Amino acid sequence: MTTPMTTPTATTPTVHDGTGPGLARALAGLTAGQQPQWPDQDRVREVRAALGALPPLVQPAAVDRLRERLAEAALGRALVVQGGDCAETFAGNTPEHVRANLHALLHCATLFEVASGLPVVPVGRVAGQYAKPRSSPTGPDGLPSYRGDIVNGLAATAEARTPDPRRMLTAYDGAGAALDVLDSVAAATRSELFAGHEALLLDYEVPLVRDGYALSGHFLWIGERTRELDGAHVALARRIANPLGLKLGPSTTPDQAVAYAAALDPDRVPGRLTLISRMGSDRVSDVLPPLVEAVADAGHPVVWLCDPMHGNTETAAGGLKTRRFDRIAAEVSGYFAVHRALGSHPGGLHLELTGDDVTECLGGREDLREEQLPERYLTGCDPRLNGRQTLDLARFVAEILLEHSARRAPAAV
């Protein structure tokens, strides 16, 4: 359960040419990675026009409230927990599933708040997380890669894998339905919940930019594979007032981290930029410290989050992608240790999780093993912590937060 926070003094980030045709012109000619090869450009233009005529999915006032909450985290007075599906699906976008994921997220937030004594900002990977980057445009079968339900279907047929821009309209409808569930959960728990997703598919995101706000979601982030400093995704992010996230992998240099901060947070506004480290359990202790120090020295009040999922993915003997709970926990532990050593604020976590009883990640207290993975392996992309594993990780983090809280507490006189 989250609690009210004091709103810091902060200005709205400077944005430029952030709406409609002007934005499209600004992005034209820039490199845009991980975009589908639509077979019918006339239909793409029709769908973009239709999206541009639809109501926004979220409101600017809610986007501004989230930035104010994230400013508290940037200033060391709050924590953030982001979580939800790796990739939402049209079939899986049921009220029951969305509700289960949000309750798992709120359970984490409650444990973190109690352990740390700080308010916690919950942001779901929900209501727009329909697009996924892929390492190759085609799979081993020669078919186009599955890029998420917003682009094509998972079934291994030529018809299903052909990118269809009309799916963007279905994604819009699904996002609206998920936001309705999010609002109902927030009302029932008396919490404030926000929605975020990777702003990957530009044909979907650009038409939903209105008056300098990307109103497809409250919080948008740029992934590891599309963070070219002079590319279209960064250019879009620079032109919107939303709080932004940026994934940073182990190849990121301190100079690059500072350059991203300068591009996306030129006014040094607390809450504007969240840097999400995804280093892997074996790299976090070495790679993260110089990035944190460089950004701090440059004067950018960013939120630092840990994504312990993407740097710890492996392929099990049966061919399914999985993650080991112990490695996830090890990266989290390393992330907190880095911030403790530097005296910086560990802002929170970014997780792929579900409240459903899936069998996708190994380990945890239930000791899920490789031979059990096929039993309920439901993700179309990357493996998620199930409900019990999410609780296990939340308890693990709560113990770390309790230790940090004890160190911050003044000694008794």
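So, here's what we can say about the structure.

**Re the overall build of the protein**
- Helices and strands together make up the secondary structure of the protein, namely 12 helices and 12 strands.
- Overall size of the protein, expressed as C-alpha extent along the three principal axes, is 75 × 50 × 45 Å.
- Considering only intrachain contacts with a sequence separation of at least 6, the fraction spanning at least 24 residues in the protein is 77%.
- Accessible surface computed for the protein: about 16,200 Å², of which carbon and sulfur atoms make up 52%.
- Between the mean site of the 40 positive side-chain charges and the mean site of the 50 negative ones, the protein shows a separation of 1 Å.

**Comments concerning the pairing of strand E7 (residues 244–248)**
- Burial of E7 is extensive: 5 of the 5 residues sit out of reach of the surface.
- Both faces of E7 are covered, namely the face carrying Leu244, Leu246 and Leu248 and the face carrying Gly245 and Lys247.
- Alignment of strand E6 (residues 219–222) against E7, held across 3 bridges, turns out to be parallel. Bridged to Leu220 within E7 is Leu244.
- Each parallel crossover has a hand, and the one from E6 via helix H8 (residues 232–238) to E7 is right-handed.
- The pairing of E7 with strand E8 (residues 273–277) spans 5 bridges and is classified as parallel. Opposite Leu246, over in E8, you have Leu275 as the bridge partner.
- The parallel pair E7 and E8 is bridged by helix H9 (residues 254–264), and the resulting crossover is right-handed.

**Things to note about the sheet that holds strand E1 (residues 79–84)**
- Taken together, 8 strands build a closed barrel; the order of strands is E1-E2-E3-E6-E7-E8-E9-E12 and the barrel is parallel. Strand after strand, the sheet turns through a mean of 25° between neighbouring axes, direction not considered.
- Judged from the 5 bridges that link them, E1 and strand E12 (residues 348–352) form a sheet pairing that is parallel. Looking at E12, one finds that Gln82 is bridged to His350.
- Across the sheet, helix H3 (residues 60–74) lies against E1, strand E2 (120–125), strand E3 (194–198), E6, E8 and strand E9 (303–306), angled at about 85° from E3, the strand it touches most.

**Some points on the environment of Arg323**
- Here Arg323 shows up in strand E11 (residues 321–323).
- Take Arg323: its relative accessible area is 0%, and that puts it in the buried class.
- Taking the C-alpha atoms as reference, Arg323 lies 6.0 Å from Leu362; in sequence the two are 39 residues apart.
- Every residue in contact with Arg323, bar those within four places of it in the chain, is listed here: Met309, His310, Asn312, Thr313, Ile328, Glu352, Glu360, Cys361, Leu362, Asp382 and Pro383.
- A distance of 2.7 Å separates a polar side-chain atom of Arg323 from the backbone oxygen of Pro383.

**Some details on the side chain of Thr359**
- Its location among the elements puts Thr359 in the loop between E12 and helix H12 (387–408).
- One polar contact links the side chain of Thr359 to the main-chain carbonyl oxygen of Gln372, over a distance of 3.3 Å.
- A polar contact of 2.9 Å, which involves the side chain of Thr359, links it to the backbone oxygen of Leu373.
- In this view, Thr359 contacts Leu368, Gln372, Leu373, Glu375, Arg376 and Tyr377; residues no more than four positions away in its chain are not counted.

**Some remarks on the pairing of E9**
- Neither face of E9 is exposed, since Val303 and Leu305 on one face and Trp304 and Cys306 on the opposite face are all buried.
- In the sheet, E8 pairs with E9 via 4 bridges, with the strands oriented parallel. From the neighbouring strand, Ser277 faces E9, where its bridge partner is Cys306.
- Once you follow E8 into helix H10 (residues 284–297) and on to E9, the crossover reads as right-handed.
- Taken together, the 2 bridges between E9 and E12 define a ladder with parallel strand orientation. If you follow Leu305 over to E12, its bridge partner there is Gly348.

**Some details on the environment of Ala316**
- Position of Ala316 among the secondary structure elements: in the loop between strand E10 (313–315) and E11.
- For the pair formed by Ala316 and Glu72, sequence separation is 244 residues and the distance between their alpha carbons is 40 Å.
- Each residue touching Ala316, except ones within four places of it in the same chain, is listed here: Thr322, Glu370 and Leu373.

**Quick word on the nonpolar core**
- Grouped together as the largest cluster of nonpolar side chains are 98 residues, with contacts concentrated most on Phe112, Ile150, Tyr204, Trp304 and Leu393.
- Considering every element that reaches this core, the biggest residue donor is helix H6 (residues 167–189), with 10 residues.
- Beyond its immediate chain neighbours, meaning those up to four positions away, Trp304 contacts Leu248, Leu275, Leu288, Leu291, Val292, Val295, Tyr335, His339, His345, Pro346, Gly347 and Gly348.
- Formed by 14 residues, the second largest nonpolar core is a distinct cluster that contains Ala78, Val80, Val123 and Ile276.

**Some points on the pattern of salt bridges**
- Enumeration according to the criterion identifies 26 salt bridges in this entry.
- Note that Asp85 is salt-bridged to Arg384, the shortest N-O span being 2.8 Å. Placement of the pair is Asp85 in the loop between E1 and helix H4 (95–116) and Arg384 in the loop between E12 and H12, with a sequence separation of 299 residues. Take Asp85 and Arg384: they sit in the same class, and that class is buried.
- Here Arg384 makes a salt bridge to Glu360, at a shortest N to O gap of 2.8 Å. Taken together, the residues span a long stretch of sequence, with Arg384 in the loop between E12 and H12 and Glu360 in the loop between E12 and H12 at a distance of 24 residues.
- Put simply, Arg125, Lys132, Lys321, Arg323, Glu352 and Asp382 are held in one network by salt bridges that share partners.

**Side note on the state of the cysteines**
- According to the stated counting rule, one finds 0 disulfides in the structure shown.
- Cys361 takes part in no disulfide bond, and the closest cysteine sulfur, belonging to Cys86, lies 10 Å away.
- For Cys361, a relative accessible area of 0% translates into the label buried.
- Free of any disulfide, Cys381 has its nearest neighbouring cysteine sulfur in Cys86, separated by 4.6 Å.

What counts, and where the lines are drawn
Along each chain, numbering runs from 1 in the same order as the chain's sequence is written. Given that this is a predicted model, residues contribute local features only at a pLDDT of at least 70 and side-chain atom pairs are listed and counted only at 80 or more, while totals for whole chains, interfaces and linings are drawn from all residues. Side-chain measures here rest on the full set of heavy atoms in the structure, leaving out hydrogens and waters. Segments assigned H or I by DSSP are reported as helices when at least four residues long, segments assigned E as strands when at least two residues long, and all are numbered from the N terminus. Residue contacts follow a heavy-atom distance rule, with two residues in contact if any of their heavy atoms lie within 4.5 Å. Every accessible area reported is derived by Shrake-Rupley at a probe size of 1.4 Å, with residue values counting cover from the shown protein chains alone. We treat Lys and Arg as the positive residues and Asp and Glu as the negative residues; His and chain ends play no part in the count. Charge positions are represented by NZ for Lys, CZ for Arg, CG for Asp and CD for Glu. Residue burial is assigned from relative accessible area. The probe radius is 1.4 Å, only protein chains are included, and a residue is buried under 20% of its type maximum, exposed over 50%, and partly exposed in between. We call two strands paired when DSSP finds no fewer than two bridges between them. By definition, the crossover connecting two strands over a helix is right-handed if that path, from the first strand to the second, turns clockwise as seen with the strands pointing away from the viewer. Fitted lines through C-alpha atoms give the axes, limited to the stretch in contact for helices. The angle between two N-to-C directions lies from 0 to 180 degrees. Any N or O atom pair separated by 3.5 Å or less is treated as a polar contact, with the protein-specific requirement of one donor-capable and one acceptor-capable atom, and with residues adjacent in sequence counted only for side-chain atom pairs. To define a nonpolar core, start from buried Ala, Val, Leu, Ile, Met, Phe, Trp, Tyr and Cys residues and group those joined through side-chain atoms within 4.5 Å. Salt bridges are defined by distance alone: a side-chain nitrogen of Lys or Arg within 4 Å of a carboxyl oxygen of Asp or Glu. For the purposes of this analysis, a disulfide is any pair of cysteine sulfur atoms at a distance within 2.5 Å.

Remember that the coordinates give geometry; whether it matters functionally is a separate question.
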